[in-house]
Amino acid sequence: MTDEEQLEGLLAMLRIRMFEDRVRTEFAKGGMPGFVHTYSGAEAIAVGVIGALEPADLITSTHRGHGHCLAKGAPLDGIVAELYGRETGLCKGRGGSMHIADFANGMLGANAIVGGGIALAVGGALASQVLGDGRVAVAFFGDGASNEGVFHESLNLASIWSLPVVFVCENNGWAESTPFSYASSVSSIAERGVAYSIPAVSVDGTDLTAVRAAASAAVARARQGNGPSLLECIAPRREGHFVGDPEEYRGREQADQARESDPIDRLAEQLVARGILSAEALNAMRKDWSGQLDRAYEFALAGPWPDPLDVERYVYS
Amino acid sequence: MSTPDEPRPRRRREPTYLDALTFALDAAMDEDPRVIVMGEDIAGGAGTGEPFEGQMGGTWGVTKGLFAKYGPTRVRDTPISEAAIVGSAVGAAMAGLRPVVDLMWASFAPYAFDQIVNQAAKARYMFGGQAQVPLVIRMSVGAGLRAGGQHSDSHYALFAAIPGLKVVAPATPNDAAGLLLSAIRSDDPVIFLEHMSLYRLKGALPDSTAGIPLGTAEVARMGSDLTIVTIGASRQIALLAATQLALEGIEAEVVDLRSLRPIDWDTILESVNRTGRLVLVEESPAGVTISDAIAAEVNERLFGRLKAPVRRVLAAASPVPFSPPLEDAWLPTAERVLVAARLVCDRLPAGRD
Ligand SMILES: Cc1ncc(C[n+]2csc(CCOP(=O)(O)OP(=O)(O)O)c2C)c(N)n1
């Protein structure tokens, strides 16, 4: 990554973290309906992988999808308005946090069904192959999702058809209260690639440059028609499973440990040490984004509710 | 939770619907070592081998304490693998266990649909009575939590359409305990649907572990002017409406179906035969519902006794929307039950629908 790209990447990660911090604060105040899962700690994955894509490329996301949305270029106003169920939201308030999508930017949906997006990305890649339009599809999913049958079926199918898809596992060590080490037969999700003849690597998911390098290789391979790859990115879950999770199932130490390697601090420190970034510039970035967040919340909360008479709208074409 | 409930008495220690489920699971595990429970996060913090204070006990804490009491052999945290969870439970049931699966939300059941529909439901019949599948699959159903499309389904009609399954939807703590005990003792696969708006509902638990027979409805309120048949949380809505109707001089009989397959036709037909009027309340998207089947049966059997067309109060014909005003419009409400009841009783001002 060039210095410029690293700065861009840092900014993109910072945006996601600050977005999620704000979500936590606003959720605690009440008024944000439903439940939300934050992407904090995994920023380098969305930013690194999506940074390796073209705008027309496709992604499928998860219940923890705010980071993917922001990194793929979804408009901030539309995201926040969606979290509040307003007609001005990306899904016109029909979806909410767990079902947020932005098809205009190739974001084919968060998914409240664990593993639900994996096969959809395979389908995106199939469309690309049939249409010959060169698009690549990326499936984001958690370590827990890799225990769903559909993960295994999707890898096999993508492999035999040599589809342009990249499977990106965000391994945060936990699926709700269940540790990865208990629930999976392998010590690394990357080990699962071999069963489907899919090249797989495991990288530190808190290291933006490492994620980006691995993603670029996988995307290039897909784009050249050489088939799918599996990319495991390890980034411990910094926060509760959802906002408000008491997390009694994991000890303080485990939770603290998960916060040790911070993708943002880590890159910022490097860039400052190398003289590419100043503390003042970093603060200016924060301030600017914070202002944008304020305006997005104002926009969202001023937005109209959907009309109850429209409850059956959008069911069919 | 936003679905209307009966006013809840706030006396401390009065058990809730959740407590009732724990009570029944504990009693069933205690009386029969073949009963095991399995599901995602049902112990919580798995892999330590030792019980500890902070264990989750499932999304709603129903299985909290069971791991400490019965150990990892009988209380099993699973990976997120619904097809394998249900499929292995079906096989274990065929081979002599009595598994109770916790699938979390009913919206996750479609991953296990083959195991439920093709394996559990058909085995006894296809194999000429050789197979026995004593299996319970518990799941949380219902809208109202602002959880959106993929966390709010009830799938009542979907499950009830499948011969070979028994399907129950208890609406009170007493019924939750009694029906769960009977479901676990049943030699057939039982789909056990728990509406999330009822989880904190308080009420007495049964004095014994005798259980409540599957396939029986309950008259939740007696009345002579019309019959309101309800499913799951609709019972609470109908009781609210019935209180209001009484003020208007209409005495509604509320029949809580409790068992969606098989249906207790005797209780329904006896009631409608007396009242001559029927309103059905069900949190299922309009289109193809259990209420439709009941209306058809009543029409065939009691046509001459009906004083008004049967009316249904259903959910909107869409997935469950996230946005609060849309979700509120989607759900059946006490107000809509009132309107339907007045209509069948001919009590609406002329010109109004
Ligand atoms: C099919 C399905 N099963 C279970 C759930 C409940 N659930 C939601 S998130 C989650 C854990 C997911 O773990 P993982 O895939 O590792 O993603 P993470 O939450 O750690 O990002 C579970 C079990 C669900 N939403 N969908």
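Reading the values: rules and limits
- Sequence positions are assigned chain by chain, starting from 1 and proceeding in written order.
- For naming, the first written chain is A and the first written ligand is 1, with later ones following in the order written.
- Only residues with pLDDT of at least 70 get local features here, since the model is predicted, and only at 80 or more are side-chain atom pairs given and counted; chain-wide, interface and lining totals rely on the full set of residues.
- The basis for every side-chain value is the complete set of non-hydrogen atoms in the structure, without hydrogens or water.
- The criterion for strand pairing is that DSSP finds at least two bridges linking the strands in question.
- Secondary structure elements are taken from DSSP: a helix is a run of H or I of four residues or more, a strand is a run of E of two residues or more, and numbering for both begins at the N terminus.
- Each axis is a line fitted through C-alpha atoms, and for a helix only the stretch in contact is used; angles between axes span 0 to 180 degrees, taken between their N-to-C directions.
- By definition, residues are in contact when any of their heavy atoms lie within 4.5 Å.
- One heavy atom suffices: a residue is near a molecule or strand as soon as one of its heavy atoms comes within 4 Å of it.
- Side-chain atoms alone can form a polar contact between residues adjacent in sequence; in general such a contact is a pair of N or O atoms within 3.5 Å, and within protein one must be able to donate a hydrogen while the other accepts it.
- Using a 1.4 Å probe, the Shrake-Rupley method yields the accessible areas, and only the shown protein chains count as cover for residues.
- Side-chain classes follow a simple rule in which Ala, Val, Leu, Ile, Met, Phe, Trp, Tyr, Cys and Pro form the nonpolar group, Asp, Glu, Lys and Arg form the charged group, and the remainder, Gly included, forms the polar group.
- What marks off one domain from the next here is an automatic or database domain assignment.
- The term salt bridge refers to a pairing of a side-chain nitrogen on Lys or Arg with a carboxyl oxygen on Asp or Glu at a separation within 4 Å.
- Roughly parallel here means an angle under 35 degrees, roughly antiparallel means over 145, roughly perpendicular means 65 to 115, and every remaining angle is called oblique.
- We define buried area as the total accessible area lost by two parts upon association, computed with a 1.4 Å probe and summed across both.

Colleague: Requested: an account of the sheet that holds strand E7 (residues 229-234) of chain A, with residues and values cited.
Modeller: All names here are of chain A. Read from one edge to the other, the open sheet built from 5 strands follows the order E1-E2-E3-E7-E6, with strand pairing classed as parallel. One side of each edge strand has no neighbouring strand; the edge strands of this open sheet are strand E1 (58-60) and strand E6 (200-204). Pairs of neighbouring strands in the sheet enclose a mean axial angle of 20°, with direction left out of account. Note: strand E3 (residues 165-171) against E7, 6 bridges, orientation parallel. By the bridge assignment, Val 168 is partnered in E7 with Leu 231. Set on the sheet, helix H6 (residues 149-160) makes contact with strand E2 (137-142), E3 and E7; between it and E3 the angle comes to about 150°. The strands touched by helix H8 (residues 208-223) within the sheet are E3, E6 and E7, with E6 carrying the most contacts at an inclination of about 155°.

Colleague: Just give me the short version of the site of the ligand, but keep the residues and values in it.
Modeller: Taken together, 22 residues form the shell around the ligand, and within it A:His63, A:Arg64, A:Gly144, A:Trp174 and B:Glu82 come nearest. Of the chains in the model, those with residues near the ligand are chains A and B. At a separation of 2.8 Å, a nitrogen atom of the ligand approaches a polar backbone atom of A:Ala112. Taking A:Asp143, its side chain carries an N or O atom lying 3.2 Å from an oxygen atom of the ligand. Contact with the protein chains covers 97% of the free accessible surface of the ligand, which is 570 Å². Per-class residue counts for the shell around the ligand are 10 nonpolar, 6 polar and 6 charged.

Colleague: Describe in detail the domain arrangement of chain B, supporting the description with residues and values.
Modeller: All names here are of chain B. Its domain assignment divides chain B into domain 1 (17-198) and domain 2 (218-344). For domain 1 versus domain 2, the separation of C-alpha centres amounts to 28 Å. Tallying the contact residues gives 28 residues for domain 1 and 25 residues for domain 2. Where domain 1 meets domain 2, there are 4 salt bridges. When the shortest N-O distance is used, the salt bridge between Asp 175 and Arg 235 registers 3.9 Å. Linking domain 1 with domain 2 are 13 residue pairs in polar contact (both at pLDDT 80 or more), by the criterion used here. For the side of domain 1 that touches domain 2, the secondary-structure elements that each account for two or more residues are helix H6 (156-160), strand E5 (166-168), helix H7 (173-185) and strand E6 (190-195). The class makeup of the residues in the side of domain 1 that touches domain 2 is 16 nonpolar, 9 polar and 3 charged.

Colleague: Mind laying out the packing of helix H3 (residues 82-94) of chain B against helix H4 (residues 113-120) of chain B, listing which residues take part and the relevant values?
Modeller: Residue and element names in this part refer to chain B. Running from amino to carboxyl end, H3 crosses H4 at an angle of 25°, the nearest separation of the two axes being 8 Å. Comparing their axes, H4 and H3 come out roughly parallel. Judged by residue contacts, Ala 83, Val 86, Gly 87 and Val 90 of H3 engage Gln 115, Ile 116, Gln 119 and Ala 120 from H4. Residue composition of the contact of H3 with H4, grouped by class: 5 nonpolar, 3 polar and no charged.

Colleague: Tell me about unusual backbone geometry, and name the residues and values.
Modeller: Of note, the amide linkage connecting B:Arg261 to B:Pro262 takes the cis form, showing an omega dihedral of -5°. Looking at the element boundaries, B:Pro262 is found in the loop between strand E10 (259-261) and helix H9 (265-275). Although it is not a glycine, A:Glu176 sits at a positive phi angle of roughly 50°. Mapped onto the secondary structure, A:Glu176 falls in the loop between strand E4 (174-175) and strand E5 (178-179). Positive phi, normally seen in glycine, also occurs at B:Met104, with a value near 60°. Topologically, B:Met104 is positioned in strand E3 (residues 98-105).

Colleague: Kindly report on the interface of chain A and chain B, identifying the contributing residues and their values.
Modeller: Opposite the 40 residues of chain A that make contact, chain B presents 38 residues. Carbon and sulfur atoms supply 64% of the area buried between chain A and chain B, which totals about 3000 Å² over both sides. Taken as a group, A:Ile113, A:Tyr182 and A:Val311 account for 18% of the area that chain A buries against chain B, more than any other trio of residues on that side. The interface formed by chain A and chain B includes 0 salt bridges. Put simply, the parts of the chain that give the side of chain A that touches chain B at least two residues each are helix H4 (76-83), E5 and helix H7 (180-183) of chain A.

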